[in-house]
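Residues per chain, in single letters:
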Amino acid sequence: MDVEEFREFGKASVDYIADYIENIRKKPVLPSVEPGYLKNEIPELAPITGEPWQNILPDVDRVILPGLTHWHSPHFHAYFPTANSFPGVVGELFSSGLGCISTDWQSNPACVELEVRMMDWLAKMLGLPEHFLNESEGPGGGVIQNAASESTLVGLLSGKQKTVKQVLEMNPHLTDAEVKAKLVTYTSKESNSSVEKASLLASVPMRLLPTDADCRLRADLLQEAIDKDKAEGLIPCCVVASLGTTGTCGFDDLEDIGRICEKEKIWLHVDAAYAGAALVCPEYRYLLKGIHFVDSFNFNPHKWFLTNSDCSAMWFKNTKDAEAAFKVKASIPTEPLFEPEIENWQIPTSRKFRALKLWFVMRLYGVQGIQKYIRHQVSLAKYLEKLVKADDRFELLVSRLGVVGFRLKGNDYMTQKLLDKITERKNLYIMPYYFQNKLMVRFVVCSRLTEKEDIDFAWNEIKSIVADTYFRDSNPELKNKKRESNLNSTILSKVATSTFSPELNEKLKVGLFL
Ligand SMILES: *Cc1c(COP(=O)(O)O)cnc(C)c1O
């Protein structure tokens, strides 16, 4: 492909994407394909000779679109938002078009310096403390990671290294391996499954502690668990707190937990993957109470901050701790030309030029534009909350930021039926969640394109399913009938399995199949 063809292909592709987004509202959110559908549509071997670019777009239409779940459909209410905005798309295009990555400053000054500056813009926008800034006097700083899962792992590894060093200093007779074998970490049962995964990867066992009725990690139980572990000779090393749990958007109390971590010299990492974006609005900053106790903090601009994937922002109170865990000794030590050396606070060796899309997004929306977007999405969730409350067949269980959890009154059977039908009809995509031993519809305002009319559409769809099945199936005789395990609930539980913690998934399975 020569440069002229690239111009044509590129322009045609931008038009294609613009048309896709413009017409996305009309498509059913879920595709109607069977597993393995693609096999017959794509040859078994790559072409021997190159094809003209004009062959590609019709094939995207023919093969890809039919199998696509439309994550940006205004009727997509599953998982959490995944960011997609035009400035974000163009930022991605630039990143791959310029095609430059970076390691240290010398390898790509613009890439490193823009990232350093963008992380400070972001921290200031969210009202994070001064000591997290790259430009601050102290050892704090921020860097872009690829995912929240990776940020949690980086946090755990940093905390692990710090604890090992502290313990060895005080107990010189112990070996590195002896200390590592005794480490233990903590989080709540409502944490994202990636938190437990990070503990597996970091080889530190993790206690999944129960939460209170608002899905918050209980400080009293945390202290109890720490005391018990210490009494058994174990060494508590990290706590992962959540601001905005995946299931119900619960907020751990950073102050209560932080106080314990400070007293016990335990690393505190905060996973605010989704909800962190809301901090751009000052009315949510009360959630940051206790942030001065936090060692590392992460949120995903690629979730609710209009910046296309991948982009996960992570800050450290003391980046030297991360360096102790990640920096390898250079064979020829040199003085760095530029500080901070952000390349030492991450797992990969090189980094994509991800700061570009953040720069584009923050400039084109402005602080006010992003605040307006967050507030609008929250208002849509509030609107749904009102509709749910006004219908006495339903009970509202949760409403926080863009997450609304509700169910049909009575046992789980009717709610399960409702969820099955929603998936079967493909007009909405919503996930189940088990909360306080009850199955609920976990509805999230996800797409940037969702408007009030889409909430009405969703509610009408739900009401029509209920009208259709509720009175027929709520026959008391059916209550004890063995529950059907149809294909849809299988799909739902499979989807849920990948998102929530194993314990909750167990409950989900039980709820859906027994
Ligand atoms: C989505 C989510 C994650 C995982 O995010 P990735 O960037 O995909 O790793 C982690 N924690 C919470 C609370 C989340 O909502």
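Since this is a predicted model, take the numbers as computed values, not measurements. (Residues numbered from 1 in each chain as written. Predicted model: local features only at pLDDT ≥ 70, side-chain atom pairs only at ≥ 80, totals over all residues. Heavy atoms only, no water.)

A closer look at the UniProt feature "modified residue: N6-(pyridoxal phosphate)lysine" (unreviewed entry) in the protein
Thought 1: Mapped onto the present numbering, the UniProt feature "modified residue: N6-(pyridoxal phosphate)lysine" (unreviewed entry) falls on Lys303.
Thought 2: Secondary-structure assignment places Lys303 in helix H10 (residues 301–304).
Thought 3: Once residues within four sequence positions are removed from consideration, Lys303 is found in contact with Phe80, Pro81, Thr82, Ala83, Ala273 and Tyr274. (UniProt positions renumbered as here; feature names shortened; annotations may be inferred. Helix = DSSP H or I, 4+ residues; strand = E, 2+ residues; numbered from the N terminus. Contact = heavy atoms within 4.5 Å.)

A word on the sheet that holds strand E5 (residues 235–242)
Thought 1: Read from one edge to the other, the open sheet built from seven strands follows the order E2-E8-E7-E6-E5-E3-E4, with strand pairing classed as mixed. Each edge of the open sheet carries a strand with a single partner, namely strand E2 (141–145) and strand E4 (206–209). Averaged over all neighbouring strand pairs, the angle between strand axes comes to 20°, with direction disregarded.
Thought 2: Of the pairings in the sheet, the one linking strand E7 (residues 296–299) to strand E8 (residues 312–316) comprises four bridges and is antiparallel in character. Across the sheet, the residue bridging to Phe299 is Ala313, located in E8.
Thought 3: Packing of helix H5 (residues 148–170) onto the sheet brings it into contact with E2, strand E3 (183–188), E4, E5, strand E6 (267–271), E7 and E8, and relative to E5 it is tilted by some 155°. (Pairing = 2+ DSSP bridges. Axes fitted to C-alpha atoms, helices over the stretch in contact; angles between N-to-C directions.)

Here we look at unusual backbone geometry
Thought 1: Put simply, Ser309 and Asp310 share a cis peptide bond, and its omega is 0°.
Thought 2: Inspection of the secondary structure puts Asp310 in the loop between H10 and E8.
Thought 3: A cis amide bond, omega 5°, links Glu339 with the succeeding residue Pro340.
Thought 4: Inspection of the secondary structure puts Pro340 in the loop between helix H11 (319–326) and helix H12 (355–389).
Thought 5: One non-glycine residue with positive phi stands out, namely Lys265, at about 55°.
Thought 6: By the element assignment, Lys265 lies in the loop between helix H9 (254–264) and E6.
Thought 7: Among the residues examined, Lys265 registers a relative accessible area of 56% and is labelled exposed.
Thought 8: Its identity as a non-glycine residue notwithstanding, Asn437 has a phi of 60°, on the positive side.
Thought 9: Checked against the element boundaries, Asn437 lands in the loop between strand E11 (429–435) and strand E12 (438–444). (Buried < 20%, exposed > 50% of the residue type's maximum accessible area, 1.4 Å probe, protein only.)

So, the sheet that holds strand E9 (residues 394–400)
Thought 1: Pairing is mixed in the open sheet, where five strands are placed in the order E1-E11-E12-E10-E9. Strands with a single pairing partner mark the edges of an open sheet, and in this sheet they are strand E1 (76–77) and E9.
Thought 2: Sheet strands touched by H12: E9, strand E10 (403–408) and E12. Its angle to E9, the strand with the most contacts, is close to 160°.
Thought 3: Along the sheet, helix H13 (residues 412–425) contacts E9, E10, E11 and E12; its crossing angle with E12, the most-contacted strand, is approximately 35°.

Examining the site of the ligand
Thought 1: The immediate surroundings of the ligand are formed by 13 residues, with Ala148, Ser149, Asp271, Asn300 and Lys303 found nearest.
Thought 2: One of the side-chain nitrogen or oxygen atoms of Asp271 is found 2.6 Å away from a nitrogen atom of the ligand.
Thought 3: When the free accessible area of the ligand is taken as 390 Å², the share hidden by the protein chains comes to 84%.
Thought 4: Elements represented by at least two residues in the shell around the ligand include exactly H5 and H10. (Near = heavy atom within 4 Å. Polar contact = N/O pair within 3.5 Å; in protein donor to acceptor, adjacent residues only side chain to side chain. Areas by Shrake-Rupley, 256 points an atom, 1.4 Å probe, with all protein chains shown as cover.)

A word on the pattern of salt bridges
Thought 1: This structure, assessed with the given rule, holds 37 salt bridges.
Thought 2: One salt bridge connects Lys180 with Asp176, and the closest N-O pair in it is separated by 3.0 Å. In this pair, Lys180 and Asp176 are both assigned in helix H6 (residues 176–180), four residues apart and thus about one turn of the helix distant.
Thought 3: On the basis of relative accessible area, Lys180 is assigned to the partly exposed category, the value being 31%.
Thought 4: Ionic pairing is found between Lys421 and Glu424, a salt bridge with its closest N-O pair at 3.5 Å. Of this pair, Lys421 and Glu424 both sit in helix H13, three residues apart, which is roughly one turn of the helix.
Thought 5: Judged by relative accessible area, which is 24%, Lys421 ranks as partly exposed.
Thought 6: Judged by its relative accessible area of 41%, Glu424 falls in the partly exposed class. (Salt bridge = Lys/Arg side-chain N within 4 Å of Asp/Glu carboxyl O.)

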